[in-house]
Amino acid sequence: MATREARFEELFARTRSALMGYAVRRVGDPADAADVVAETYLVAWRRLDEVPPGEETRLWLFGVARRVLANHQRGERRRLALADRLREDLSGWSPEPSTGEADAVGRAMRRLSADDRELLTLVGWEGLSRDEVAVALGVTRAVVRLRLHRARGRLAAALRVEGVDLQRCSVTGHVPGGRANAHPDLKEA
């Protein structure tokens, strides 16, 4: 392994400047150039036994860098096309008019931790079930249940501070009949 690492370090030292120059001249952002060069050397490390010796090493790396750059540019075009489509989709969207109660709920939500807000919005706005939230957050369903119960309690307290009438909302977290709906409505969230 030491000889493999030594060979790679020597290859890197001999070709780094040339490859960086190649990449910098072909992308708009130096950080993108660094990504292209890093990916090129990653390919070289993985395929070190295939790297030709001598002067051909540099030429082989230019070929790899050219393909990495082409992949990078295709990805950038896809990203820009997606951003354009999203901007077009959102151009006709406008939020619902704000009400005093909605403003109070917004302020109450901002009083909560980011984790509580994320959990409550995944259930209430995104409509995820507890099982789905568990998968999304990478935790067990029992952890989601406990955190959701606590987050609802903190939300109820924050809503009381904001003067929201909790009698009109079901924020207690108790489920009639003891069984939770797989896709709760906003009141349950």
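### Quick word on the overall build of the protein chain
- On a plain count of helices and strands, the protein chain comes out with seven helices and zero strands.
- The linear arrangement of helices and strands in the protein chain, starting from the amino end, is α-α-α-α-α-α-α.
- Burial status across the protein chain gives 30% buried among its 189 residues.
- When contacts within the protein chain are restricted to residue pairs at least 6 apart in sequence, those whose partners lie at least 24 apart make up 61%.

### Concerning the environment of S129
- Inspection of the secondary structure puts S129 in the loop between α5 (114-124) and α6 (130-137).
- A relative accessible area of 10% places S129 in the buried class.
- The sequence separation of S129 and V144 amounts to 15 residues, and the corresponding C-alpha distance is 10.0 Å.

### Digging into the packing of helix α2 (residues 30-46) against helix α3 (residues 56-91)
- Packing of α2 against α3 leaves a shortest axis separation of 9 Å and a crossing angle of 125°. On the basis of the axis angle, α2 is oblique to α3. The crossing of α2 and α3 is right-handed. For the pair α2 and α3, contact is made by D32, V36, E39, T40, Y41, V43 and A44 and by W60, L61, V64, A65, V68, L69 and H72, respectively.
- Of the residues assigned to the contact of α2 with α3, the class counts are ten nonpolar, two polar and two charged.

### Structural notes on the nonpolar core
- Core analysis: the largest hydrophobic core is formed by 21 residues, its most contacted members being F8, L11, L19, Y41, W60 and L61.
- Of all the secondary-structure elements, those providing two or more residues to this core are α1 (2-24), α2 and α3.
- When residues in this core are grouped by element, the largest group, seven residues, is from α3.
- Residues within four places of L19 in sequence aside, it is in contact with V37, T40, Y41, L61, F62 and A65.
- With 20 residues, the next largest nonpolar core counts M109, A151, A158 and V164 among its residues.

### Some remarks on the confidence of the model for the protein chain
- Per-residue pLDDT for the protein chain has a mean of 84; in total, 83% of the residues score no lower than 70.
- Taken element by element, the protein chain is modelled with least confidence in helix α4 (residues 100-111), mean pLDDT 82, and with most confidence in α2, mean pLDDT 94.
- This model gives residues 170-189 a pLDDT under 50, and the stretch forms 30 contacts once residues within four places in sequence are excluded.

### Description of the side chain of T40
- Inspection of the secondary structure puts T40 in helix α2.
- A polar contact is formed between the side chain of T40 and the backbone oxygen of V36, at a distance of 2.8 Å.
- The contacts of T40, once residues within four sequence positions are left out, are L19, L61, V64, A65 and V68.

### A look at the pattern of salt bridges
- One pass over the structure, following the stated rule, counts ten salt bridges.
- With a shortest N-O distance of 3.0 Å, E162 and R111 are connected by a salt bridge. Taken together, the residues E162 in the segment after α7 (141-161) and R111 in helix α4 connect sequence positions 51 residues apart.
- Looking at E162, the relative accessible area reads 19%, which means it is buried.
- Because the salt bridges share partners, they merge into one network encompassing R107, R111 and E162.

### Thoughts on the packing of α6 against α7
- Between α6 and α7, whose axes approach to 9 Å, the crossing angle comes to 105°. Considering their axes alone, α6 and α7 lie roughly perpendicular with respect to each other. Residues R130, D131, V133 and A134 of α6 lie in contact with α7, whose contacting residues are R141, V144, L148 and R152.

Analysis parameters
Residues numbered from 1 in each chain as written. Predicted model: local features only at pLDDT ≥ 70, side-chain atom pairs only at ≥ 80, totals over all residues. Heavy atoms only, no water. Helix = DSSP H or I, 4+ residues; strand = E, 2+ residues; numbered from the N terminus. Buried < 20%, exposed > 50% of the residue type's maximum accessible area, 1.4 Å probe, protein only. Contact = heavy atoms within 4.5 Å. Axes fitted to C-alpha atoms, helices over the stretch in contact; angles between N-to-C directions. Parallel < 35°, antiparallel > 145°, perpendicular 65-115°, else oblique. Left-handed = near helix turned anticlockwise from the far one by under 90°. Nonpolar A, V, L, I, M, F, W, Y, C, P; charged D, E, K, R; others polar. Core = buried A, V, L, I, M, F, W, Y, C linked by side-chain atoms within 4.5 Å. pLDDT = per-residue confidence, 0-100. Polar contact = N/O pair within 3.5 Å; in protein donor to acceptor, adjacent residues only side chain to side chain. Salt bridge = Lys/Arg side-chain N within 4 Å of Asp/Glu carboxyl O.

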